[in-house]
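Here is how the chains run, residue by residue.
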Amino acid sequence: MEENFKMVAKTLFGFEELLAKELTQLGAQEVKIGVRNVTFVGDKGFMYKANLGLRTAIKILKPIKTFRVSTEDDLYKQVYQMKWDKYLKSDGSLAVDATLHSNHFTHSKYIALKTKDAIVDKFRDTTGERPNVDLRFPDLKINVHIDRSVCTISIDASGESLHRRGYKIATNIAPINEVLAAGLIMLSGWDGQSDFMDPMCGSGTMLAEAAMIACNIPPNLMRKEFGFERWNDWDVDLFEKIEESLLKKTRDFHHKIYGFDKSPSAVAKAKENIKNAHLDEFITVKHEDFFKTQRQDNDHKLHMVFNPPYGERLDIEMETFYKQIGDTLKQNYPNTDAWFITSNLEALKHVGLRPSRKIKLFNAKLESRLVKYEIYAGSKKGKYMDN
């Protein structure tokens, strides 16, 4: 039997509960919610499963040592004493990053450098050889986390951030992060039981993530590599078994997913990415200006999630633009639940509709709101009188 160990899944602010739910559904034990992270317990197979199957995780870390530190020399000594040959060969490569929440330790680059020195010196002193630093494709990626005086050393099971799913080959200006897109769709409550639309789809991220959620396709199947594939204990047979078990849980989807964009180049990129993700049988992308469109089929509920362009991205007149969003929804999209994210909190006042939900999130460093507008078929009164 594989032994269980503690892991940390990192996520975006506001997605902690979504991630905890995902972990529980995958079968994690001892799930605990933190800020921008969720801790859990599982074995090596579960670590593989978490990297393949979690939609809202950015990284999976495996803590290997925790200790108290008061000086940089303390840190060096503690790291030097660790048995690094368990995790890395003397001719291998490493990269170290650090995150600090401490008044005493304030320079993350210096802490990362000190950690790297301790590891390299240990190898040199015991074997006569030293590992190289490779920031792009290291054999071992190490994370140092100092919270006040408590230091945790972890090894990074994911390698590159998990938002890099591997299906995107073409992007437009400021594409939405895949983890953010998946989280927004999950927060909106979409479950694949209705049509889905992104009226400003850019390079198609929201559409691809919606299709994978609808069909229960693991989000990270297309990735070229995970960090753990370079570890000493990498078990390719176990990984393939886990991959196969996740693929058996995919499901059919009987509705439509479609996207519009008024930029022909964005439409071309979206189509390319969707084809690359093998999702083109579920998704249609058209070259349309949302403000000139209207729903063809009003009988069924339409679920809409989008990320409108914001001021820093496009030269648009904000007040007019947001008023047009509200007018188009109200006049042309009855029987629709429309969700969108914006960091322009002032512009929301011009939509001219009252949101039924507002959720605080961050898009990169920008404080944002995910808002929901419920557009009824006809007036609310008419809706009940017709029944």
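Predicted model, so just to flag it, every value in this text is computed and none were measured.

**Student:** Outline helix H1 (residues 16-26), listing residues and values.
**Tutor:** Buried within H1 we find Glu16, Leu18, Leu19, Ala20, Glu22, Leu23 and Leu26. Structurally, H1 contributes buried residues whose contacts are with strand S1 (5-10), strand S2 (29-33), strand S3 (37-42), helix H2 (44-53), helix H5 (178-187) and helix H7 (236-247).

**Student:** Any chance you could break down the environment of Leu18 for me, citing the residues and the numbers?
**Tutor:** With respect to the helices and strands, the residue Leu18 is situated in helix H1. A relative accessible area of 15% places Leu18 in the buried class.

**Student:** Before we move on, can you summarise the sheet that holds strand S13 (residues 336-342) with the specific residues and values?
**Tutor:** Taken together, the seven strands give an open sheet; going across it, the order is S11-S10-S9-S12-S13-S15-S14, and neighbouring strands pair in mixed fashion. If you trace the sheet from one side to the other, it starts and ends with strand S11 (283-287) and strand S14 (357-363), each paired once. Sheet twist, expressed as the mean angle between neighbouring strand axes with direction ignored, is 20 degrees. The pairing of strand S9 (residues 195-198) with strand S10 (residues 257-261) spans three bridges and is parallel. Residue pairing for S10: Asp198 is matched across the bridge by Gly259. Strands S10 and S11 of the sheet are contacted by helix H8 (residues 264-276), whose axis makes an angle of about 165 degrees with S11. Packing of helix H9 (residues 318-332) onto the sheet brings it into contact with strand S12 (302-306), S13 and strand S15 (366-375), and relative to S13 it is tilted by some 165 degrees.

**Student:** Lay out the state of the cysteines in plain terms, naming residues and giving numbers.
**Tutor:** The tally for this structure, following the rule as stated, stands at zero disulfides. In this structure Cys201 is a free cysteine whose sulfur lies 18 Å from that of Cys215, the closest cysteine sulfur available. Taking the relative accessible area as the measure of exposure, Cys215 reaches 3% and is therefore buried.

**Student:** Describe the packing of H2 against H7, naming the residues involved and giving the relevant values.
**Tutor:** As a packed pair, H2 and H7 sit with axes 9 Å apart at the nearest point and diverge in direction by 50 degrees. Compared by their axis directions, H2 and H7 come out oblique. In this structure, H2 meets H7 at a crossing whose hand is right-handed. Facing H2, whose interface residues are Lys44, Gly45, Tyr48, Lys49, Leu52 and Gly53, H7 presents Leu238, Phe239, Ile242, Glu243 and Leu246.

**Student:** Account for the layout of surface pockets, naming residues and giving values.
**Tutor:** Size it by volume and the largest pocket reaches roughly 1200 Å³. Taken together, 37 residues form the lining of the largest pocket, with Lys10, Thr11, Val35, Arg36 and Thr99 sitting closest to its centre. Listed by contribution, the elements that provide at least two residues to the lining of the largest pocket are S1, S3, strand S4 (59-68), strand S5 (93-101), strand S7 (140-147), strand S8 (150-156) and S14. With four residues, S4 is the largest single contributor of residues to the lining of the largest pocket. The class makeup of the residues in the lining of the largest pocket is 16 nonpolar, 14 polar and seven charged.

**Student:** Could you give an account of the packing of aromatic side chains, naming the residues involved and the relevant values?
**Tutor:** Taken as a whole, this structure holds 24 aromatic pairs when the rule is applied. Centre to centre, the rings of Phe228 and Phe239 are 5.9 Å apart; their planes meet at 50 degrees, and the pair counts as tilted. Of this pair, Phe228 sits in the loop between helix H6 (205-215) and H7 while Phe239 sits in helix H7, placing them eleven residues apart in sequence. When the centroid spacing of 6.4 Å and the interplanar angle of 70 degrees are considered together, the rings of Phe253 and Phe282 count as edge-to-face. Note that Phe253 is positioned in the loop between H7 and S10 and Phe282 in the loop between H8 and S11, a separation of 29 residues in sequence. In this structure, Phe253 and Phe282 share a single accessibility class: buried. Just above the ring of Phe362 sits the side chain of Arg36; from NZ or CZ to the centre is 5.8 Å.

**Student:** Summarise the side chain of Glu209; cite the residues concerned and give the values.
**Tutor:** Within the secondary structure, Glu209 sits in helix H6. A polar atom in the side chain of Glu209 sits 3.1 Å from the side chain of Arg165. In contact with Glu209, not counting residues within four places along its chain, are Arg165, Tyr167, Glu178, Ala181, Ala182 and Ile185.

**Student:** Outline the pattern of salt bridges, supporting the account with residue identities and numerical values.
**Tutor:** For the coordinates displayed, the defined rule picks out 17 salt bridges. A salt bridge links Glu160 to Arg164, with the nearest nitrogen and oxygen atoms 3.5 Å apart. Put simply, Lys301 and Asp337 hold a salt bridge, and the shortest N to O gap is 3.5 Å. Here Lys301, found in the loop between S11 and S12, pairs with Asp337, found in strand S13; they are 36 residues apart in sequence, far enough to count as distant.

**Student:** Give a detailed account of the confidence of the model for the protein, specifying residues and quantitative values.
**Tutor:** Taken over all residues, the pLDDT of the protein has a mean of 93, while the share at 70 or more is 94%. Contacts of residues 380-387 to residues separated by more than four positions or lying in other chains number two contacts, the stretch itself having pLDDT below 50.

**Student:** Could you give an account of the nonpolar core, with specific residues and numbers?
**Tutor:** Ranked by internal contacts, the top residues of the largest apolar core, which has 53 residues, are Leu23, Phe40, Ile60, Trp84, Ile142 and Ile153. No other element matches the six residues that helix H4 (residues 108-127) contributes to this core. Residue contacts for Trp84: discarding those within four places in its chain leaves Ile64, Val79, Ile119, Phe123, Leu140, Ile142 and Ile153. Phe15, Cys201, Ile217 and Ile341 belong to the second largest nonpolar core, which has 41 residues in total.

**Student:** Can you explain the pairing of S15? Please cite residues and give values.
**Tutor:** Taken across its ten residues, S15 has seven buried, putting it largely inside the fold. Looking at chain direction, S13 and S15 are connected through seven bridges and run antiparallel. Across the sheet, Phe340 pairs through a bridge with Val371, a residue of S15. In the sheet, S14 pairs with S15 via seven bridges, with the strands oriented antiparallel. Directly across from Asn363, in S15, lies its bridge partner Leu366. Between S14 and S15, which pair antiparallel one after the other, the connecting turn spans two residues, and Ala364 there sits at a positive phi close to 55 degrees.

Conventions we followed
- Residues numbered from 1 in each chain as written.
- Predicted model: local features only at pLDDT ≥ 70, side-chain atom pairs only at ≥ 80, totals over all residues.
- Heavy atoms only, no water.
- Buried < 20%, exposed > 50% of the residue type's maximum accessible area, 1.4 Å probe, protein only.
- Helix = DSSP H or I, 4+ residues; strand = E, 2+ residues; numbered from the N terminus.
- Contact = heavy atoms within 4.5 Å.
- Pairing = 2+ DSSP bridges.
- Axes fitted to C-alpha atoms, helices over the stretch in contact; angles between N-to-C directions.
- Disulfide = S-S within 2.5 Å.
- Parallel < 35°, antiparallel > 145°, perpendicular 65-115°, else oblique.
- Left-handed = near helix turned anticlockwise from the far one by under 90°.
- 1 Å grid on protein atoms, 1.4 Å probe; cavity = no way out; pocket = protein on both sides within 12 Å on 5 of 7 lines; lining within 4 Å.
- Points joined across faces, edges and corners; volume = space filled by probe spheres on them.
- Nonpolar A, V, L, I, M, F, W, Y, C, P; charged D, E, K, R; others polar.
- Phe/Tyr/Trp six-rings, centres within 6.5 Å; stacked < 30°, edge-to-face > 60°.
- Lys NZ or Arg CZ within 6 Å of the ring centre and 35° of its normal.
- Polar contact = N/O pair within 3.5 Å; in protein donor to acceptor, adjacent residues only side chain to side chain.
- Salt bridge = Lys/Arg side-chain N within 4 Å of Asp/Glu carboxyl O.
- pLDDT = per-residue confidence, 0-100.
- Core = buried A, V, L, I, M, F, W, Y, C linked by side-chain atoms within 4.5 Å.

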